[in-house]
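# Structural characterization, general
Listed below, chain by chain, are the residues.
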Amino acid sequence: MAGMPIKDVIIKEDAPRSLMLEKHIEYIVSYQSKKEDYEYIMTEYLRMSGMYWGLTAMDLMNSLDRMNKQEVLEFVKECQHDCGGFGASVHHDPHLLYTLSAIQILILYNCIELIDVERAVGYVQSLQLEDGSFQGDKWGEVDTRFSFCAIACLCLLGRLEAVDIKKATDFVLSCMNFDGGFGCRPGSESHSGQIYCCLGFLSLVNGLDHVNVDMLGWFLCERQLPSGGLNGRPEKLPDVCYSWWVLASLKMLGRLHWINKDKLIKFILACQDEETGGFADRPGDMVDPFHTLFGITGLSLMGSDERIKTVNPIFCMPQHVIDKLGIHLQLL
Amino acid sequence: MHGRLKVKTTAEQQEAKRKEREKKVKIYTELTNKIVQKRGDGHYDIEALSLTSKILAQNPDVYSLWNYRKETFRYLQKQLPTEEFQTLCNGELSFLESCLRMNPKSYGSWEHRCFIMKTSPDPDWKMELHLCNKYLEYDERNFHCWDYRRFVVKQSKVSAEDELKFTTDKISTNFSNYSSWHYRSKLLPLIYPDPSHPMGLQEQCLHNEFELAQNAFFTDPNDQSAWLYHRWLLGRRNLTLGIQSIYIKQSPRTIMVLLNKAAKICDKFEFSLSVNGTLNDQDTKWVNHRNTTEASHLWILKEPSPHGCDSNVSIEISLVTQDGREHEKHVCEKFGQSETLKEIVPVSNILFSCELSTATTDVLKQELESCQQLDELEPENKWTLLTIILLMRALEPVRYEQDAMHCIQKLIKVDPCRTNYYEDQRSRFIIENVIKTTANQQNQELNLSNKSLTILYHTQHMAFCTHIDLSHNKLTTTKGCDYMRCVKTLNLEGNQIQSLDGLQHLELLEDLSLKDNNIKMLDVLKPLKNCKSLKLLDMTGNSWCDLETFCKNFLSHCKVRTECFVAGKNTGH
């Protein structure tokens, strides 16, 4: 059995090397104006999150004022259902994922009173199951992503006591694996996205002491490939969004220094598109707002560019916004 | 959103694509409007399924449409005779397969399949298992499929042994199969449990796994999965909560209890305290090393009783775990000194890694030899080097110290990307060995100077030390120092310290040297405001400013020496 080559990308000589902030600002601004575009319409099912990605990126790039605040707030309000939950867009069913995105948008604009907060809390509360886990919506899919969404929603609304924290914590911990990481459900393989959600959860409930910091920190720093980019789990290709999931996780564990910063910065910058602005998952691919946000937030966590505001590693929101809320979070 | 290559196209090609997309958008919008209308009118019928399938076949992530289908299935289940409904379910499973073929990683598709299988009157679980086998052939790392498999296994009660065999087959076909190794780690404790073993597994099972992992990584030394799995095999499960040491001081009256792992009081355990045979239940407020009640190794009680800790008093402490059982009980009797340290678990027995049986020791010794041979053949392979270090730490950490340090240097050359990780691990091993070999804990001086330490580990074991020397290392913060609750002299000279967070809880600290560090801003010194016993602070060799004002405001109670001046107590300033 011959040795397998390591899955990775090669950064070309002519890849972008400096941060083209203005281009990214223009990219996000123009994205929201392309409402008739195929891409835009086909991603309607995640619109609320898409808006959160764009708005957060713009605020971090000191350009939130370029976005249409009124239009955004009206849209968010329209998406709240009677049960209190939010759908991804108008005519889309309520779901925890989009409830969190909606709340994040309103907190960003300091307009949380525009929605029915009590009902939103009630919706989140109603989704907790006997074993402490959270379903994403009434149809029952359970995933540690939803545990994070639920607790993050409640923290942002100042209503953490609305659910059974002990049971919720026990469920999250039951998803811990041999490598120190976390998966979607008990028994699921470790994945950096899930790790980020579980650590974020534990940080908000003061439970990071349960984590095997060295083991998990090692698993996370092993995500860095020769190209400098990070993958999500062993033997996968690097992807700019992992610059967020992995990096934020390491930050929460107090092990950010276990990643080689310079190499990662080089990778992230190489994922920019010089023509259109925005970031892609890897150099040479198509850009989108999702990867643009996480390219920016990755750079923010590493403090690589003064022009980018500080991002909070748990909420993936501007730190100055989180500071105003007085939320208790644990960082090792 | 992932893996879409940006391809340059001609103006012609772009125009053709634009037209095609315009058409698609029109169809999509028309369909969507029809569906919204229909659902709004409360119609759950075959047409609902037909319309939604047109969109879902191209875009299985439109979750609301799966929901409409679920509503339709629920409704039709009540309307249709069982056989007809079963046919409908089977048709849905076929439809889902076509969706999965196009996009095997859509959460919506897999979740809907679970729903149909739970709703179906006569579900065929064998067929589902077969489907999983097929999709894992296409992509053995598809976690959606693995999770779906676990759902099928649970519903149809497939045995853990059968599943273990499945992973064995997968691994022998292709070693590089992290998902299979992971699944094994979950199945083994179900099939071969042994609560008395540190890993919770029967020893023979463990030895088999060592062999399986070895076969894999000796055949393909670049196969990460096997090395990562092997690291787990060398570890241990969680320790049972127990008391490490008890410390009693007469003046000021204090009891300190060191646990063998961090735990939260009133959540995982409680203390039961008796003085001279009388249970002390009046307001016993234990706090941790940070003066809170969050999880910690160290718990402190001040003023435990009116009689305090007089020398002719006997104190009995019990650890009561959350199930109400009294776990262990220790008595400290009629001690004559002003302070007593009772070591429950000898320092040399402190378990930083797994305790090994003779049989396992033999297995690991052989492995170590084999790995060392492999290292000679493939000196660039970091996994071999790392595993050699882990094996040495597991077998005889003190004896192999130099060899392990040598390996770490090689590791840093071979894998420079993770230099900081390796240097932190080196620091950990050095600290572990010093703690293990410190003659006994009554010796309350600890010397860790000149060891290139980049980080502090296991500082809970420094809780009772009064003199700690950490000079001439590479520390950048004082994280971990908050456990040093008995320290009087702390030497941090010659580090790179920029932050003093952690020092604010050191109530007994009298003499602190921060000479030749990296303190640039005065507010870094704020934690020292709470060090009530601090008498002497050495700040020379730091680049700071406006020290005079700061001393007047915060440090009037201690003597401060700097290059510029000597201020504070006893100097008349």
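The rules behind the values
- Residues numbered from 1 in each chain as written.
- Chains lettered and ligands numbered in written order.
- Predicted model: local features only at pLDDT ≥ 70, side-chain atom pairs only at ≥ 80, totals over all residues.
- Heavy atoms only, no water.
- Helix = DSSP H or I, 4+ residues; strand = E, 2+ residues; numbered from the N terminus.
- Rg over C-alpha atoms; globule rule 2.2 N^0.38 Å.
- Contact = heavy atoms within 4.5 Å.
- Areas by Shrake-Rupley, 256 points an atom, 1.4 Å probe, with all protein chains shown as cover.
- Lys, Arg positive; Asp, Glu negative; His and termini not counted.
- Charge placed at Lys NZ, Arg CZ, Asp CG, Glu CD.
- Pairing = 2+ DSSP bridges.
- Buried area = accessible area lost by both parts, 1.4 Å probe.
- Salt bridge = Lys/Arg side-chain N within 4 Å of Asp/Glu carboxyl O.
- Polar contact = N/O pair within 3.5 Å; in protein donor to acceptor, adjacent residues only side chain to side chain.
- Buried < 20%, exposed > 50% of the residue type's maximum accessible area, 1.4 Å probe, protein only.
- Phe/Tyr/Trp six-rings, centres within 6.5 Å; stacked < 30°, edge-to-face > 60°.
- Lys NZ or Arg CZ within 6 Å of the ring centre and 35° of its normal.

## Things to note about the overall build of chain B
Scanning chain B from terminus to terminus reveals 16 helices and 16 strands. At 32 Å, chain B has a C-alpha radius of gyration far larger than the 25 Å of a compact globule built from 573 residues. By principal-axis analysis of the C-alpha atoms, chain B measures approximately 90 × 60 × 60 Å. Across chain B, contacts joining residues at least 24 apart in sequence account for 53% of those joining residues at least 6 apart. By element, 49% of the accessible surface of chain B is carried by carbon and sulfur atoms, the whole surface being about 26800 Å². Computed over 73 positive and 75 negative side-chain charges, the inter-centroid distance for chain B is 5 Å.

## Structural notes on the sheet that holds strand β9 (residues 339-343) of chain B
Pairing between sheet strands relies on hydrogen bonds along the backbone, with the strands arranged either parallel or antiparallel. An order of β5-β6-β2-β1-β9 (chain B) is seen for the 5 strands of this open sheet, with the pairing classed as antiparallel. In this open sheet, the two edge strands, each paired with only one partner strand, are β5 (287-288) and β9 of chain B.

## Some remarks on the sheet that holds strand β7 (residues 315-321) of chain B
Residue and element names in this part refer to chain B. Taken in spatial order, the 4 strands of this open sheet run β4-β3-β7-β8, and their pairing is antiparallel. Of all the strands in the sheet, the pair left with one neighbour each is β4 (278-279) and β8 (326-332). In this sheet, β8 lies alongside β7 in antiparallel orientation, the contact comprising 6 bridges. Looking at the pairing, serine 318 lines up with lysine 329 of β8.

## Here we look at the interface of chain A and chain B
Taken residue by residue, the interface counts 72 residues in chain A and 66 residues in chain B. Interface of chain A and chain B: buried area, both sides summed, is about 6300 Å²; carbon and sulfur atoms make up 53% of it. Our count for the chain A to chain B interface comes out at 8 salt bridges. Inspection of the chain A/chain B interface yields 38 residue pairs in polar contact (both at pLDDT 80 or more). Secondary-structure elements contributing two or more residues to the side of chain A that touches chain B are α2 (38-42), α10 (213-221) and α13 (289-301) of chain A.

## What to know about unusual backbone geometry
Residue and element names in this part refer to chain B. At asparagine 291, a residue that is not glycine, the phi angle is positive and equals roughly 65 degrees. Mapped onto the fold, asparagine 291 is located in the loop between β5 and β6 (296-302). Relative accessible area serves as the criterion here: at 38%, asparagine 291 is assigned to the partly exposed category.

## Some remarks on the environment of Leu88(B)
All names here are of chain B. Locating leucine 88 in the fold gives a position in helix α4 (residues 82-102). With relative accessibility at 18%, the residue leucine 88 sits in the buried group. Put simply, leucine 88 and serine 120 are 32 residues apart on the chain and 9.0 Å apart in space, counted from C-alpha to C-alpha. Residues contacting leucine 88, with those up to four places away along its chain left out, are Ile46, Leu49, Phe73, Leu76 and Leu80.

## Side note on the pairing of strand β1 (residues 243-249) of chain B
Across the 7 residues that make up β1(B), a large majority, 7, are buried. Here β1(B) folds back onto strand β2 (residues 254-263) of chain B, and the loop between the two strands holds 4 residues.

## What to know about the packing of aromatic side chains
For the structure shown, the criterion picks out 39 aromatic pairs over all chains. Between Phe178(A) and Tyr178(B) the ring centres are 5.7 Å apart and the planes differ by 35 degrees, which places this aromatic pair in the tilted class. Linking Phe178(A) in the loop between α8 (165-173) and α9 (192-204) with Tyr178(B) in helix α9 (residues 178-191), this pair reaches from one chain into another. Each of the two residues, Phe178(A) as well as Tyr178(B), counts as buried. Of the aromatic side chains, those joined through ring pairs into one cluster are Trp53(A), Phe148(A), Tyr196(A), Trp244(A), Trp245(A), Phe290(A) and Phe294(A). Across from the ring centre of Phe115(B), 5.6 Å away, lies the NZ or CZ of Lys70(B), which sits over that ring. Residue placement shows Arg150(B) over the ring face of Tyr183(B); its charged tip is 4.9 Å from the ring centre.

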